[in-house]
Amino acid sequence: MSKVEKVKETLKIALTTTSAHDIGIMYIVLGIISLITGSFYASMIRDQLTLNNLGATEYYNAVSLHGIFMIFFMVMPISTGFANYLIPRMIGANDLYWPKINALSFWILVPAVAMSIVAPLFGPINTGWYMYAPLSTDLQVNGGFGVTLIEVALMVAGVSSTLTGINFLMTILRLRKIPFFKMSLFTWSFFATAILLMVALPPLTAGLAMAFLERMWNIPFFNAALGGNPLLWQNVFWFFGHPEVYILILPAMGLVGEVLPRAVGRQIYGYKALALSSMAIAFLSVLGVWMHHMFTAIDSDVVREIAAATTMAIAIPSGVKVVNWTITFYGGKVKFSALTIGMIGFISLFLVGGITGVFFPLIPVDLAFNGTYLVVGHFHYMVFAILVGLLSGLVYYFPYFTGKWFDQELARSSMLMIVVGAFVVATGMSIDGVLGMPRRYAVVPAPFYQPFQNLVTVGGFVEGIGMLTMFATLLYAWVRGPPVTTMDPWNSEQLIGIPDFTIKPIALPLSFGREMDGTKSEHRHGSYFPSILGMLLCFPPLGFMLILAGITIPGALMVLTFIGVGTAWLYNDYFRPVRGIPGSFGGFGIGKVANATGATGSSAVSSNTGEPIIQESGIEMSRRAKTPVLFFIIAEIFLFGSFIGGYIYDINETPTVATLPRLPVDWYPLPLVMTVILLSSSIPAHLAYHNFLKGKMRLFKILGGLTAAMGFTFLMGQVYEFTHIVKFIPQENVYTGFFFTIVSLHAFHVIMGLVLWAITLLRTKVAVPYQLSTGASYYWHFVDAVWVVVFTMLYLQLPIYHP
């Protein structure tokens, strides 16, 4: 095969594969591209703070994009890449639960990274990676499309991460071939991570949507003059942001749980404690911990004390991990290898990062240090620990990836430089912080801070040389390294009695385009639809951005293009002649898994009366679909909760709201009648599903059609209300802004529910929609339940929302 043919074959595999380990490798490659980009911006920061060569705008661009690339587009994709590559092998699954959704999730990220790379060409991004409002919404400071492109990129990345979280939850719950307490520690850690992805990313997406609408359409979510509140952004962002810290570090902790025992030649100490501590971290991180980022902004001592207590509590499971990792070294055969240096480096960086973090739950100390470089130093201890953990995982699994050995001496030297450089960087930052140097300054404000900034630059240089040496060593080994001669490269099974994988390799490498066990090339590529639609998912928000900017026709074409490709995929997977089992979320990826698990009932088998026969195995599939639907609904609850909570927060916490007129909503008679129709539609929806489970397909279709008709009537009533009854505009104040946004968000979900019912009912013509019926029914109940809150809050304006 010529080089051109090899490139074509590689591109075909990349664009069509739904194999988890192929997608894992692509995630890691994308993460490394982001690592290079983020490192470039880090070098710009050091250039300014050491040599003062940049202007303020370029400096703050570099600060913002360094954080965005490293956090959202480096650590998260590399961690997800390891999860894709390792977890199916570790739990004995042939793939993820939804292979096509997994491919879609990856390809969504590609344009997100691309948009973030080009964003500075379209306007300044002087916001910090946390993008605080009103800085991020003030067009006089951050004009152009630069910040908006970043917001769009992070919104679509949030969709990708939410889908990934639910997919891994379902994979671990449904496809594992081993008991829970036989799972690897990496699987446990990503199980906890997947929960956090499901609940933490929707609030970020909601906050970004608010910022997007304020920038592009002047809806005053954060504008205090019109009743908005800048602290709303901080609450929404840090509700995501602190779980995000654990989304970043839990996978690295899991890799340490795999690499450490194999590096020292003894089983990990306290397996169950380490496994359950990951779940404890996930649970505690979504409580009141996020508010410790806001001690300087919060006025209530009670709220501060709750946040301080939960922050202190979350240190307990982290401490359990450090103790168990340290004890694992005792009795082991510690060698001076790259892996051992990486493990000691990770534990040391994490421990010192935790010690520096002890200052911040102490409210008076936090008030003194919150605005200083001590925060930056503490955070970099933690993220450098994550980086060292991920690199250690890359070194350990490199022989599996490539089937080649690397130069141990060079790997050891480069890992040592990385760890030492990381310590120097974070320590220099921390010393400057204790001395009082403020963060976010583009110029070092006093001469006695400068030596420690220079020390940070030296450490960054050493760390950078170490990373370049590490990647050069691995790349050279990939091309010229000696081949691995055994299927257990590190002799793991003999050393600790535990193999690396449940699905053991038969041949190496376990690389791109090969089967799970490495034996042969794949011959099961799917379609191009997941990759194309994934890359086009950025089109709707970009289209609305252009429409709101007055560039109407290109914007509308972008939205219509996405809808057209989505419809084509829908037709291809649902309504062409059916092969394999009945689909669910199904045509979108469940087919491969269900076939592998032996599900039956490939099509709608008809009885003598012409009615399809509902098979028992299909009924079981329908009932089992409740779990993924519940996970989607949980994610949606956090999305709606962010908007609803934001409304309640603004109207109760913003002083200027008292001067605004209350929302003049006419809730009688049309909105009341429409509410009765929508809530009543849950009755035929429930009866339709109940009759479906009894095999009464005719009644199911009639009642499902009635549900859809009632939902459509509600939607048309809302159209009439907004065109003939509502007399205010979204830009007037915080009341009108949230009214339009929340009601429109609910209307969008009604449309999605109607689309789901339409697909379900049309699907009955070619197959029995076992899982679709569950999804349509339960999702519709959720849409109706949300409207109860929306109607009582915005139309009736009950006192419970407006004390």
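**A short note on the overall build of the chain**
Each helix and strand counted, the chain has 26 helices and zero strands in total. On C-alpha atoms alone, the chain measures out to a radius of gyration of 27 Å, which is about the 28 Å that the 2.2 N^0.38 rule sets for 803 residues. When the backbone C-alpha atoms are referred to their principal axes, the chain occupies close to 75 × 70 × 50 Å. Residue burial in the chain is summarised as follows: out of 803 residues, 59% are buried. A separation of at least 24 residues holds for 79% of the contacts in the chain among residues at least 6 apart in sequence. Surface accessibility of the chain: about 30700 Å² in total, with carbon and sulfur atoms responsible for 70%.

**What about a nonpolar patch on the surface?**
On the surface, a cluster of nonpolar side chains totalling about 550 Å² of accessible area is made up of Val29, Ile33, Ile117, Val118, Leu121 and Phe122. Of all the secondary structure elements, the ones that give two or more residues to the nonpolar patch are α2 (20-51) and α4 (99-118). Structurally, the position occupied by Val118 is in helix α4. Given a relative accessible area of 34%, Val118 falls into the partly exposed group.

**Digging into empty space enclosed by the protein**
Tallying each qualifying case throughout the model produces three cavities of 30 Å³ or more. Around the largest cavity, the lining comprises 19 residues; the ones closest to its centre are Met76, Pro77, Thr80, Ser161 and Leu197. Secondary-structure elements contributing two or more residues to the lining of the largest cavity are α3 (56-91), α5 (146-175) and α6 (185-217). Looking at which element gives the most residues to the lining of the largest cavity, the answer is α5, with six residues.

**Some thoughts on the pattern of salt bridges**
Summed over the entire model, instances satisfying the criterion amount to six salt bridges. Between Glu258 and Arg262 there is a salt bridge, with its nearest N and O atoms 3.4 Å apart. On the criterion of helical spacing, the pair formed by Glu258 and Arg262 is a turn pair, its members being four residues apart in helix α7 (residues 230-264). Arg262 shares its class with Glu258; the two are buried.

**Section: the packing of aromatic side chains**
Under the criterion given, the structure shown has 65 aromatic pairs. Centroid distance Tyr647 to Phe738: 5.8 Å. Interplanar angle 75°. Geometry classified as edge-to-face. With Tyr647 in helix α21 (residues 626-653) and Phe738 in helix α25 (residues 734-763), this residue pair connects regions lying 91 residues apart in the sequence. Each of the two residues, Tyr647 as well as Phe738, counts as buried. Here the guanidinium or amino end of Arg89 rests over the ring plane of Phe501, the centre of that ring lying 6.0 Å away. If you follow Arg176 out to its NZ or CZ, it ends over the ring of Phe180, 3.8 Å from the centre.

**Looking at the packing of α3 against α7**
Their axes nearest at 10 Å, the elements α3 and α7 cross at an angle of 45°. On the basis of the axis angle, α3 is oblique to α7. Where α3 crosses over α7, the two elements pack in a sense that is left-handed. Touching Ile71, Phe72, Val75, Met76, Ser79, Phe82, Leu86 and Met90 of α3 are Phe240, Glu244, Ile247, Leu248, Pro251, Leu255 and Glu258, all from α7. Across the contact of α3 with α7, the residue classes tally to twelve nonpolar, one polar and two charged.

**Brief notes about the environment of Pro317**
Position of Pro317 among the secondary structure elements: in helix α9 (residues 301-329). The exposure class of Pro317 is buried, given its relative accessible area of 7%. Distance from Pro317 to Gly704, taken between C-alpha atoms, is 48 Å for residues 387 residues apart in sequence. In contact with Pro317, other than residues within four places in its own chain, are Ser277, Ala280, Ile281 and Leu284.

**Things to note about the environment of Pro803**
Positionally, Pro803 belongs in the segment after α26 (770-795). In the structure, Pro803 is positioned 316 residues away from Met487 in sequence and 67 Å away in space, judged by C-alpha atoms.

**Observations concerning the packing of α3 against α5**
Packed helices, taken two at a time, are described by the angle between their axes plus the distance between the axes. At a minimum axis separation of 12 Å, α3 and α5 run at an interaxial angle of 20°. Here α5 runs roughly parallel to α3, going by the angle between their axes. Along this stretch, α3 crosses α5, giving a crossing that reads as left-handed. Residues Leu65, Ile68, Phe72, Phe73, Met76, Thr80, Ala83, Asn84, Ile87 and Ile91 of α3 form the contact with α5, whose participating residues are Ile150, Ala153, Leu154, Ala157, Ser161, Thr164, Phe168, Thr171, Ile172 and Leu175.

**What to know about the nonpolar core**
Core analysis: the biggest nonpolar cluster contains 258 residues, and Phe72, Phe73, Phe82, Trp325, Phe346, Tyr397 and Phe739 have the highest contact counts within it. Here this core gets 22 residues from one element, more than from any other, and that element is α6. Apart from the residues lying within four places of it in its own chain, the contact partners of Phe346 are Ala252, Met253, Val256, Trp325, Ala385, Ile386, Val388 and Gly389.

**Overview of the side chain of Gln48**
Its place among the elements puts Gln48 in helix α2. Here Asn53 takes part through its backbone nitrogen, which lies 3.4 Å from a polar atom of the side chain of Gln48. Other than its neighbours up to four places away in sequence, Gln48 contacts Asn53, Leu54, Tyr59, Ala442 and Val443.

**Considering unusual backbone geometry**
Across the junction of Leu508 and Pro509, the peptide omega takes the value 10°, indicating a cis bond. By secondary structure assignment, the location of Pro509 is in the loop between α15 (492-496) and α16 (529-536). Although it is not a glycine, Met131 adopts a positive phi angle of roughly 50°. Positionally, Met131 belongs in the loop between α4 and α5.

**Structural notes on the confidence of the model for the chain**
Here the chain shows a mean pLDDT of 91. Residues at 70 or above account for 95%. For the chain, helix α19 (residues 590-596) is the element with the lowest average pLDDT, namely 37, and helix α13 (residues 408-435) is the one with the highest, namely 97. Scored below 50 in pLDDT, residues 578-606 makes 77 contacts in the model with residues more than four places away or belonging to other chains.

**Details of the environment of Arg304**
For Arg304, the location among the structural elements is in helix α9. On the accessibility criterion, Arg304 (13% relative accessible area) is buried. Each residue touching Arg304, except ones within four places of it in the same chain, is listed here: Phe295, Ile298, Ile363 and Leu367. A polar contact of 2.7 Å, which involves the side chain of Arg304, links it to the backbone oxygen of Ile298.

Criteria and cut-off values
- Residues numbered from 1 in each chain as written.
- Predicted model: local features only at pLDDT ≥ 70, side-chain atom pairs only at ≥ 80, totals over all residues.
- Heavy atoms only, no water.
- Helix = DSSP H or I, 4+ residues; strand = E, 2+ residues; numbered from the N terminus.
- Rg over C-alpha atoms; globule rule 2.2 N^0.38 Å.
- Buried < 20%, exposed > 50% of the residue type's maximum accessible area, 1.4 Å probe, protein only.
- Contact = heavy atoms within 4.5 Å.
- Areas by Shrake-Rupley, 256 points an atom, 1.4 Å probe, with all protein chains shown as cover.
- Patch = residues over 30% accessible without salt bridge, like charges linked within 9 Å, V, L, I, M, F, W, Y side chains within 5 Å.
- Salt bridge = Lys/Arg side-chain N within 4 Å of Asp/Glu carboxyl O.
- 1 Å grid on protein atoms, 1.4 Å probe; cavity = no way out; pocket = protein on both sides within 12 Å on 5 of 7 lines; lining within 4 Å.
- Points joined across faces, edges and corners; volume = space filled by probe spheres on them.
- Phe/Tyr/Trp six-rings, centres within 6.5 Å; stacked < 30°, edge-to-face > 60°.
- Lys NZ or Arg CZ within 6 Å of the ring centre and 35° of its normal.
- Axes fitted to C-alpha atoms, helices over the stretch in contact; angles between N-to-C directions.
- Parallel < 35°, antiparallel > 145°, perpendicular 65-115°, else oblique.
- Left-handed = near helix turned anticlockwise from the far one by under 90°.
- Nonpolar A, V, L, I, M, F, W, Y, C, P; charged D, E, K, R; others polar.
- Core = buried A, V, L, I, M, F, W, Y, C linked by side-chain atoms within 4.5 Å.
- Polar contact = N/O pair within 3.5 Å; in protein donor to acceptor, adjacent residues only side chain to side chain.
- pLDDT = per-residue confidence, 0-100.

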